[in-house]
Every structure is written in structure tokens, then in C-alpha cells.
Protein chains: 2
Amino acid sequence: MEKEITIYDIAKGLGVSPTTVSRALNNHPAVKEKTKKKIFDAASELGYQSNIFAANLRSKRSNNIGVIVPSLKSNFQASVLAGMEKVASEAGFNLVISQSLESSEKEIANTKSMFNSRVDGLLISLASGAENLEHFSPFYKKGIPVIFYDRIANTDISTGVSIDNIQSAQIATNHLIDQGCRRIVHVLGSTEVSVYAERLKGYKYALIDKNIPFEDNLVIVLSDINEEAGEEIVSQILKMDPLPDGLFVSNDACAASCLNHLKMNGIRVPQDMALVGFNNEIISRLVEPKITTINYPGYEMGEVAMKNLINHLEEPDTTTLQNTNKITLRSELIIRESSLKKPKS
Amino acid sequence: MEKEITIYDIAKGLGVSPTTVSRALNNHPAVKEKTKKKIFDAASELGYQSNIFAANLRSKRSNNIGVIVPSLKSNFQASVLAGMEKVASEAGFNLVISQSLESSEKEIANTKSMFNSRVDGLLISLASGAENLEHFSPFYKKGIPVIFYDRIANTDISTGVSIDNIQSAQIATNHLIDQGCRRIVHVLGSTEVSVYAERLKGYKYALIDKNIPFEDNLVIVLSDINEEAGEEIVSQILKMDPLPDGLFVSNDACAASCLNHLKMNGIRVPQDMALVGFNNEIISRLVEPKITTINYPGYEMGEVAMKNLINHLEEPDTTTLQNTNKITLRSELIIRESSLKKPKS
């Protein structure tokens with residue numbers, strides 16, 4: 001590695017004082033614009049790196065914001081990250097990203113690593129099975145803000161950004177009931193994850209509102225609801241007697257895969273079985289029939305979560321964040337062919 | 001913010017010397033395991049942050065690796081990042097991620113920000129229209145490794161990790177010709193992006209090999225080939241006279257959207273028009289008919305790119321990376337219903 005370029009090298013090259021160089025690089029008003037430009041050009045040409053570590057040591061700021069996602073291989077998380085990155089980069093922050101791969105041990109390790117690398121704040125969507133939140137206490141102790149998004153924790157200390165999962169699932173299930181469905185299967189991930197536990201509630205509430213008895217054997221819980229799971233889900237459904245007439249799946253990729261396997265088995269959607277997905281992913285719009293789904297604004301969620309974090313960093317003395325327990329984003333049912341047993345009214 | 005916990009606080013609390021604490025935290029062999037455990041527990045309980053900035057100042061390592069992607073809202077990039085994160089986290093590195101949003105100005109700004117925040121290495125998939133590579137020279141000057149992936153640059157200084165895009169497109173086009181297609185439309189993004197320029201070459205080479213004349217008006221170039229573009233592409237195709245009999249689209253989401261609009265216009269796939277996509281995204285397997293595509297191993301590409309970078313960081317004196325100009329990953333044609341005009345042989 002080459003020798004590090006310092007302000008002394010720049011000063012020597014231009015015949016000015018190191019103080020002038022330092023002031024120019026920090027945009028001090030006492031240095032003339034022309035001189036500043038000369039110094040900037042020389043710094044760039046010589047390959048000067050502003051000494052951010054030393055600056056961090058003084059300012060106690062790293063300008064890095066940590067994000068821990070359950071898995072990077074997810075359309076939804078990719079949209080969220082895109083929204084976060086946009087807001088962070090506009091405000092001059094970098095994103096440090098890691099994935100917990102749905103393991104609470106890895107989540108704890110990631111959290112420690114983020115803490116030790118001194119992120120200025122942390123955004124996290126919890127792993128499945130994250131039982132306690134002890135691993136965030138070092139952040140709370142030091143006053144480093146932690147914001148949960150999507151899969152949020154029930155805690156008084158942090159803000160959570162999410163949609164109303166109970167209500168969304170209730171609306172989706174209601175829609176199926178309105179279409180005449182009486183035996184509705186609900187497919188979800190582990191109820192240790194807040195979003196799935198809440199959607200199950202919404203499903204039950206919709207049933208009870210219409211006096212439809214809740215049947216435990218119509219609920220299919222899988223550790224990973226993805227494309228691969230479609231085959232297994234449909235084989236479970238085909239064993240049910242009588243056959244269900246509605247299917248509410250907690251994400252679109254899995255719903256599309258179920259649709260595929262239902263068709264392969266001669267079940268017509270929506271005539272024999274009406275289908276509703278979740279997330280409004282691109283796949284829901286391109287399969288046949290198009291899938292009715294809940295629009296979940298991932299990009300906007302990323303923007304909102306990051307904006308709140310940065311606002312807090314820039315004005316830590318206001319109590320906005322401390323007093324905000326939950327931010328709920330708008331979500332909505334998008335009705336398409338897969339659920340329409342009756343003509344669209 | 002609370003007062004920073006130092007090794008002196010830990011020492012005082014346990015009645016040991018600060019030297020012992022420092023040694024224990026650095027896993028020095030002179031400290032007994034039992035004492036180490038006691039010190040680790042106390043450090044954790046008090047909320048001690050190892051002083052990574054100061055350590056970085058000494059070691060000149062940040063343990064951060066920068067990744068610049070054209071857009072985070074991409075299935076393919078999400079898979080690549082998942083592969084990178086896995087390898088990086090196992091080796092104790094953090095990922096710092098930003099997106100260029102296909103703007104070369106933003107790419108230049110991102111690159112500068114990565115340089116100033118002292119990443120140990122940089123992985124980048126170039127933005128469309130990245131004309132010169134001047135913005136990487138500060139990295140080269142300081143010996144910080146830069147690896148290009150997917151959208152690579154033709155340079156002697158850096159390693160590029162990609163698939164053979166020419167060959168893949170040639171194989172895809174050949175397959176359509178074998179199915180009897182003679183007027184094949186090729187849809188691609190800006191040819192300023194290496195991957196698209198190369199795929200166009202492969203398309204032309206396949207035609208010339210079979211003595212099919214290349215027609216400029218069968219090539220549709222769009223700035224963004226995505227779901228939204230399907231409608232526009234199909235409306236262009238419907239104006240062609242005679243109608244094409246084959247369609248090769250440079251990504252699956254766009255191919256699926258084209259399929260949708262073709263069907264809406266009464267064009268049967270594959271009977272009237274055979275279709276091939278690119279990437280082997282989930283969507284290609286769930287639409288009807290399933291789309292023939294090129295399998296592009298994004299996750300593996302992320303792993304390979306990151307492994308090479310880290311190997312170089314750990315053994316900078318070996319010349320492996322400097323002498324490796326290009327790493328080409330295996331890709332393959334996956335034949336499905338959308339292109340089969342003839343029975344599968």
C-alpha cells in the first residue's frame with residue numbers, strides 16, 4: 001500500500017499552509033473560493049482521503065446506519081432497502097446491511113457486530129423466533145436509536161413501522177366470504193413472527209364476524225412460505241374433505257405457486273377455489289388468473305423508517321421518536337380475477 | 001448520550017488492572033480463560049463498545065466492503081447481495097451498500113463516498129452509461145481492490161465476474177431458430193451496459209451462423225426493460241409486418257409481461273410466437289406457459305465475487321487477483337413450454 005496522503009503533502013505542493021488546506025477541506029468561510037478550488041483539485045489529484053476515522057473519533061459519529069433483514073433474497077425486502085438507501089444517501093449516510101437468515105443466533109451476532117462497528121442507528125426486521133430483545137439493550141443504554149420495521153417487536157422503547165396486519169388479513173378474508181367462500185384455508189409462516197400471528201388473528205376475526213366457525217385444520221403453517229412450498233400446500237388441501245372453497249396465502253410468490261399446482265390438479269381458480277395473496281408483488285399481476293392481493297408498500301416503508309431514524313439523529317433532543325410507539329402505513333386490497341366468484345360490483 | 005464505558009471502568013469494577021482487561025478483550029494468551037470470561041461478561045453488561053475507530057486508525061482496516069448496485073429493486077441483485085453477505089459475514093466483514101439508480105453521476109458520488117469512508121474493497125455492477133472509469137483511480141492508486149460483477153468494465157486493472165453473455169444469447173437465439181423461428185425480435189436495455197451489448201452480439205452471431213439476415217428493426221432497445229415495458233413492446237411487435245415468430249427478451253419479468261400482453265392480443269405462445277427470457281427468475285416458472293430462459297446464478301456470482309475480494313485482502317501479496325482479468329460463471333438454457341413449437345426431443 002502507498003504512503004497515506006496528508007494535508008501536509010497538499011500544502012507543500014501548493015505552497016500554502018497546512019492550516020489553509022485543513023480549513024479549505026472543511027469549507028471554512030475564511031478561505032477564498034479560488035484557493036478552495038485549487039486545494040480541492042490538488043487533494044483529488046493526489047488521492048487524499050479525508051480522515052474519516054479520526055473525524056469519527058472526535059464526532060462519535062460513523063455516518064453508517066445498520067440494517068438487519070431476515071433475508072436479502074426477498075422482493076419485499078429489496079423494495080424496502082431501495083427506499084431506505086434513497087433517503088440515507090440523500091442525507092449523507094451509508095447503509096451497512098446484514099441478514100439474519102431467520103436465525104435468532106445470527107441476529108444476535110449481527111446486532112453485536114453492528115454495535116461494535118458503531119452504527120449511528122439500527123433498522124431491523126426481526127428473525128423468526130426472536131424470543132427476547134436482550135441483544136438490543138446495549139443500543140438503548142447508549143442512546144443509539146433502534147427502529148423495527150415490518151416484523152416489529154412489542155416494546156415500549158423502540159418505534160415500529162408496519163402496516164395493520166390484523167386489519168389487512170381481516171379485509172382479505174372478508175372479501176373471500178363476500179364471494180361466497182365458507183371453507184377458507186389460510187397459509188402462513190411461523191406465528192413466532194409478528195406479521196403472521198397478526199394475520200391469523202385477522203383471519204379469525206373475519207370468520208367470527210360472519211359466524212363462520214374457525215377450524216384449526218384449515219390453517220397451514222410452514223417455516224418458509226415460498227415458491228417451493230406450493231406443491232406441499234396443495235397436496236394438503238387436496239386431502240381435505242370437503243374441499244375448501246377459498247385460499248388466503250400470506251405472500252404472492254407462494255400464492256402463485258399454489259395457483260400453479262391447483263391448476264395442475266384440475267382445480268379451477270376462482271370457480272372451485274378463490275385465491276387471495278399478500279404483498280402485491282409483480283408475480284401477482286402476471287399469472288393467470290391475476291391474483292387478488294394486499295398492497296404492501298415496501299419502498300415507502302423503507303423511506304418512512306429511515307426518515308424517522310435520521311430525524312432522530314439530527315435532533316436527538318426532541319422526544320418525537322421516543323414517544324412514537326408505532327407508525328402504521330396504509331395498505332389496501334387489490335381485487336383481481338383470482339378471487340372473483342361473483343361479477344365485480 | 002451516556003458516558004463512554006472504557007477498559008478502566010471494567011478494571012475498576014472487577015478489581016483487576018486495565019492491562020489485564022485490554023489483554024483479555026484482545027484474547028491475549030497470558031490471561032486465564034476464567035478471567036477472560038469474567039471480563040467479557042462485565043464488558044457486555046456495562047455496554048462496552050470495542051473502540052473500533054481507534055483500532056481502525058491503527059490497522060488501517062475498516063472491515064467494511066462497499067457494494068454499489070445499479071438498483072436494489074431487482075430480484076437478480078437481491079440474490080447477488082445475499083451471496084455476498086453470506087461470504088462477507090462469515091469472514092467478519094460488513095457490507096456497505098448503495099445504489100447508483102442507473103446514473104453515472106450518482107455512481108461517481110457513491111464511489112467517492114465509499115472511498116472516503118475507507119472501505120477495504122469495492123464490488124460494483126456498473127450503471128448504464130458509465131463512460132469512463134476515472135472515478136476508480138483513487139482506489140487503484142491506494143491499492144484498494146475493485147471487482148466488477150455482472151456489468152463489468154473492460155479494464156486491465158480490475159477483475160470482472162460475469163457469465164458469458166455472448167454465448168448465452170447465442171444459445172437462446174439458436175434454440176429459437178431450431179424451433180423454426182425465422183423472424184426473431186430481441187428486446188434489450190441500453191447497449192451502453194456491457195451485458196446488453198454482448199447479448200445483442202450473441203443474437204447476431206446465431207443469426208449469421210444460420211444465414212438468417214439481421215434486421216435492425218427487429219431489435220427493440222428500451223432504457224428500462226421491466227414489467228411496465230411489456231405493453232409498449234407488444235404494441236411495437238404488433239405493428240411489424242409480417243408478424244415475428246420468435247421473441248428473445250433480456251429479462252424474465254419483462255418477458256412475462258410481454259407474454260401477458262401477447263395473450264391479451266390473441267397471439268398464442270409458443271404456437272404463433274416462441275418466447276425466451278433471461279435470468280431464471282421465479283416468475284419464469286409460474287406463468288402460463290412457463291418461460292424458457294437462461295439460468296443466471298446470481299447468488300453464486302455474489303459468493304464468487306466476494307470470496308475473491310476477501311482472498312485478496314487476506315493475502316494482498318499474491319498476484320492472483322491482479323492477474324485475473326475475468327471470472328466466468330456457468331450459465332445454461334432451461335427449456336420450457338414458451339418456446340417449444342416442436343415436441344421436446
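Note that the coordinates shown come from a computational prediction; the quantities given were computed from them, not determined experimentally. (Residues numbered from 1 in each chain as written. Chains lettered and ligands numbered in written order. Predicted model: local features only at pLDDT ≥ 70, side-chain atom pairs only at ≥ 80, totals over all residues. Heavy atoms only, no water.)

Novice: Looking at this structure, how should I read the environment of Phe115(A)?
Specialist: Secondary-structure assignment places Phe115(A) in helix H6 (residues 104-116). Separated by 181 residues in the primary sequence, Phe115(A) and Tyr296(A) have C-alpha atoms spaced 30 Å apart. (Helix = DSSP H or I, 4+ residues; strand = E, 2+ residues; numbered from the N terminus.)

Novice: I keep staring at the packing of helix H8 (residues 165-178) of chain A against helix H9 (residues 194-209) of chain A and nothing clicks. Help me out?
Specialist: All names here are of chain A. Between H8 and H9, the least distance of the axes is 7 Å, while the angle of their chain directions is 40°. With respect to each other, H8 and H9 are oriented oblique. Two packed elements cross with a definite hand, and for H8 against H9 that hand is right-handed. For the pair H8 and H9, contact is made by Asn165, Ile166, Ala169, Gln170, Thr173, Asn174 and Ile177 and by Val195, Glu198, Arg199, Lys201, Gly202, Tyr203, Tyr205, Ala206, Leu207 and Asp209, respectively. Among the residues forming the contact of H8 with H9, the class breakdown is 8 nonpolar, 5 polar and 4 charged. (Axes fitted to C-alpha atoms, helices over the stretch in contact; angles between N-to-C directions. Parallel < 35°, antiparallel > 145°, perpendicular 65-115°, else oblique. Left-handed = near helix turned anticlockwise from the far one by under 90°. Contact = heavy atoms within 4.5 Å. Nonpolar A, V, L, I, M, F, W, Y, C, P; charged D, E, K, R; others polar.)

Novice: Quick question: what am I supposed to make of the sheet that holds strand E8 (residues 246-249) of chain B here?
Specialist: One key point about sheets: their strands pair by backbone hydrogen bonds, in either a parallel or an antiparallel sense. All names here are of chain B. The 4 strands lie next to each other as E7-E6-E8-E9, forming an open sheet whose pairing is parallel. A strand with exactly one partner marks an edge of an open sheet, and here the two such strands are strand E7 (219-221) and strand E9 (274-276). Across the sheet, the axes of successive neighbouring strands diverge by a mean angle of 15°, strand direction being ignored. (Pairing = 2+ DSSP bridges.)

Novice: Honestly, the pattern of salt bridges in this entry has me stumped. Any pointers?
Specialist: Think of it this way: side chains of opposite charge can pair up when their charged atoms draw near. For the structure shown, the criterion picks out 22 salt bridges over all chains. Where Glu288(B) meets Lys263(A), a salt bridge forms, and the shortest distance between an N and an O atom there is 2.6 Å. In this pair, Glu288(B) sits in the loop between helix H12 (282-286) and strand E10 (293-295) while Lys263(A) sits in helix H11 (residues 252-264), so the two residues belong to two different chains. Glu288(B) gets classed as partly exposed once you look at its relative accessible area, which sits at 39%. The residue Lys36(B) makes a salt bridge to Glu33(B) at a minimum N-O spacing of 3.5 Å. Of this pair, Lys36(B) and Glu33(B) are both found in helix H3 (residues 33-46), 3 residues apart, which corresponds to roughly one turn of the helix. (Salt bridge = Lys/Arg side-chain N within 4 Å of Asp/Glu carboxyl O. Buried < 20%, exposed > 50% of the residue type's maximum accessible area, 1.4 Å probe, protein only.)

Novice: Looking at this structure, how should I read the domain arrangement of chain A?
Specialist: Think of interface size as the accessible area that goes away when the parts come together; that is how it is often given. Per the domain assignment, the segments of chain A are domain 1 (7-46), domain 2 (60-163 + 298-331) and domain 3 (165-297 + 333-339). Taking only C-alpha atoms, the centre of domain 1 of chain A and the centre of domain 3 of chain A are 64 Å apart. (Domains from an automatic or database assignment.)

Novice: Explain the interface of chain B and chain A here, please?
Specialist: On the chain A side, the residues contacting the 57 residues of chain B number 57 residues. At the boundary of chain B with chain A, total buried surface from both sides reaches about 5700 Å², with 53% on carbon and sulfur atoms. Applying the counting rule to chain B against chain A returns 6 salt bridges. Residues Lys106(B) and Glu85(A) are paired through a salt bridge, measuring 3.5 Å at the closest nitrogen-oxygen approach. Here chain B is connected to chain A by 15 residue pairs in polar contact (both at pLDDT 80 or more). If you list the elements that add at least two residues to the side of chain B that touches chain A, you get helix H4 (52-59), helix H5 (75-90), strand E2 (94-99), helix H6 (104-116), helix H7 (137-142), helix H11 (252-264) and H12 of chain B. If you tally residues by element for the side of chain B that touches chain A, the top one is H5(B), at 8 residues. By residue class, the composition of the side of chain B that touches chain A is 22 nonpolar, 18 polar and 17 charged. (Buried area = accessible area lost by both parts, 1.4 Å probe. Polar contact = N/O pair within 3.5 Å; in protein donor to acceptor, adjacent residues only side chain to side chain.)

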